[in-house]
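Listed below, chain by chain, are the residues.
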Amino acid sequence: MSAPIVRGLSELRAMVSGWKQSGETVGVVPTMGALHQGHLSLVRAAKDGCDRVIVTIFINPKQFNNPADYDNYPRTEEEDARKLAPFGVDAVYVPDGPTMYPDGFATNVSVGGLTDVLCGAHRPGHFDGVATVVSKLFLQTQADRAYFGEKDFQQLQVVTRLAADLDIPIKVVGCPTIREEDGLAMSSRNLLLSDRARVWAPALNTAMEEMAEGLLAGGDMATLRAKAVAQIERAGFTEVEYLDLRACDTLELLETPSRPARLLAAAWLAGVRLIDNIAVG
Ligand code: AMP
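Residues numbered from 1 in each chain as written. Predicted model: local features only at pLDDT ≥ 70, side-chain atom pairs only at ≥ 80, totals over all residues. Heavy atoms only, no water.

Taken together, 17 residues form the shell around the ligand, and within it His39, Gly149, Asp152, Ile178 and Met186 come nearest. The contact in question runs from an oxygen atom of the ligand to an N or O atom on the backbone of glycine 149, over 2.9 Å. A distance of 2.6 Å separates an oxygen atom of the ligand from a polar atom in the side chain of aspartate 152. With the chains in place, 93% of the 480 Å² that the ligand exposes on its own is no longer accessible. Of all the secondary-structure elements, those providing two or more residues to the shell around the ligand are β2 (26-31), α2 (37-49) and β5 (145-149). Examining the composition of the shell around the ligand, we find that 3 residues originate from one element, α2, more than from any other. For the shell around the ligand, the residue count by class is 8 nonpolar, 7 polar and 2 charged. (Near = heavy atom within 4 Å. Polar contact = N/O pair within 3.5 Å; in protein donor to acceptor, adjacent residues only side chain to side chain. Areas by Shrake-Rupley, 256 points an atom, 1.4 Å probe, with all protein chains shown as cover. Helix = DSSP H or I, 4+ residues; strand = E, 2+ residues; numbered from the N terminus. Nonpolar A, V, L, I, M, F, W, Y, C, P; charged D, E, K, R; others polar.)

This next bit is on the state of the cysteines. Within this structure, the stated rule accounts for 0 disulfides. Here cysteine 50 stays unpaired: no disulfide links it, and the sulfur of cysteine 175, its closest cysteine neighbor, is 10 Å away. Taking the relative accessible area as the measure of exposure, cysteine 50 reaches 8% and is therefore buried. Left without a disulfide partner, cysteine 119 is nearest to the cysteine sulfur of cysteine 248, which lies 16 Å away. (Disulfide = S-S within 2.5 Å. Buried < 20%, exposed > 50% of the residue type's maximum accessible area, 1.4 Å probe, protein only.)

Now for the UniProt feature "binding site: beta-alanine" (unreviewed entry) in the chain. UniProt tags Gln63 as "binding site: beta-alanine" (unreviewed entry). Within the structure, glutamine 63 has its side chain in polar contact with the side chain of asparagine 60 (distance 3.0 Å). (UniProt positions renumbered as here; feature names shortened; annotations may be inferred.)

Bringing the sheet that holds β5 into the picture now. Spatially, 6 strands are ordered β1-β4-β3-β2-β5-β6 in an open sheet, and the strand pairing comes out parallel. Both edges of this open sheet fall to β1 (5-6) and β6 (171-175), since each of them pairs with a single strand only. Note: β1 against strand β4 (residues 91-93), 2 bridges, orientation parallel. If you follow isoleucine 5 over to β4, its bridge partner there is valine 92. Those strands touched by α2 are β2, β3 (52-57), β5 and β6, and its axis lies near 155° from that of β5. (Pairing = 2+ DSSP bridges. Contact = heavy atoms within 4.5 Å. Axes fitted to C-alpha atoms, helices over the stretch in contact; angles between N-to-C directions.)

The subject of this paragraph is the sheet that holds strand β7 (residues 239-247). Strands belonging to one sheet form pairs held by backbone hydrogen bonds; the direction of such a pair is parallel or antiparallel. Taken together, 3 strands build an open sheet; the order of strands is β7-β8-β9 and the sheet is antiparallel. The sheet is open, and its two edges are formed by β7 and β9 (272-280), each paired on a single side. For this sheet, the mean angle separating the axes of adjacent strands, direction not counted, is 10°. Inspection of the sheet shows strand β8 (residues 261-269) paired to β9 by 9 bridges, in the antiparallel sense. Paired with leucine 269 across the bridge in β9 is valine 272. Helix α10 (residues 203-216) contacts β7, β8 and β9 of the sheet and is inclined by roughly 30° relative to β9.

Now for helix α1 (residues 9-21). Over its 13 residues, α1 runs 18 Å from end to end, which matches the ideal 18 Å to within 8%, given 1.5 Å per residue. Of the positions making up α1, those classed as buried are Leu12, Val16 and Trp19. Viewed along the axis of α1, the buried residues span an arc of 55°, placing them on a single side of the element. With respect to the buried face of α1, the exposed residues turned more than 90 degrees away are Ser10 and Gln21. Glycine 23 sits one or two positions beyond α1 and adopts a positive phi of about 80°. (Expected span 1.5 Å × (residues − 1). Arc of directions from axis to C-beta.)

Taking 1.5 Å per residue, 13 residues should reach 18 Å; α2 reaches 18 Å between its end C-alpha atoms and fits that length. Lining the buried residues of α2 we find β2, β3, α4 (77-84), β5 and β6.

Another point: the environment of proline 124. Topologically, proline 124 is positioned in the loop between α6 (118-122) and α7 (126-141). Spatially, the C-alpha atom of proline 124 lies 30 Å from that of isoleucine 54, the residues being 70 residues apart in sequence.

Further remarks concern the domain arrangement of the chain. For the chain, the assigned domains read domain 1 (5-175) and domain 2 (188-280). The straight-line distance from the C-alpha centre of domain 1 to that of domain 2 is 26 Å. Contact residues are listed per partner, giving 21 residues for domain 1 and 17 residues for domain 2. Taking both sides of the interface into account, the surface hidden between domain 1 and domain 2 amounts to around 1700 Å²; carbon and sulfur atoms contribute 62%. When the buried area of domain 1 at its contact with domain 2 is split by residue, Leu118, His122 and Phe153 rank highest and sum to 34% of it. The interface formed by domain 1 and domain 2 contains 2 salt bridges. Across the pair aspartate 69 and arginine 189 runs a salt bridge, and its minimum N-O distance is 2.7 Å. (Domains from an automatic or database assignment. Buried area = accessible area lost by both parts, 1.4 Å probe. Salt bridge = Lys/Arg side-chain N within 4 Å of Asp/Glu carboxyl O.)

Structure representation (structure tokens):
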């Protein structure tokens, strides 16, 4: 039996209010579909932590700063429903555009500070789109817990901040990045890589791991960074957008891993933008 698909907000609200009246806890896993093992690990965590689980699938136009990226984003709803079937999720919420953004929609949720750097600096408007849709999904689902991947580390910090700032009674739970055997972080965008580019893609993670080791051994940031960028570009990437060591909590730029730190990168490979991040220390 496959998970029930819910497209309307009133239907979703009726389901959730029934669960809440019975005292059941509700978990939500927001996604844009094209589900892979990374998404499914969040579903597993939600099933472990909550009585009821809602997976949402909505390709949010507001978070795409590039229309071609939105048009090319993989859409695999039937396959997604099939992949979710074994997990026994209680609802797959698949709202359409007008349900999320009806005529006259005029509100924008914007998180300051954390969004000035990394993907926020390179993708104008992206995190406003994320913050707006995630606020809506939190309020629509009334979930007690929301599961996000560390794969999108900055996004995880942004949604944690917005839930706290807007007093939304939800606990944001971060889950580890799931990788392919060769180290490539799983991503729906990996489907857009040619066979050749797919072979080159793990070089990003390999270079980051080596750079992290160098930093932990007391190596010089500028030297290690230049070496990693050269390594990534030699492997076939056309541009390294950023490769930064940052504090886990504030995303402040660091020269050494003197406090809990992450190495975060975005790089272009054959027209596809890949991101990754790893803990340092
Ligand atoms: P997306 O569909 O790309 O918007 O991702 C939906 C959720 O899945 C986000 O919280 C992502 O951080 C998470 N996610 C995506 N890829 C991975 C991965 N490889 N490992 C863990 N979580 C992931």
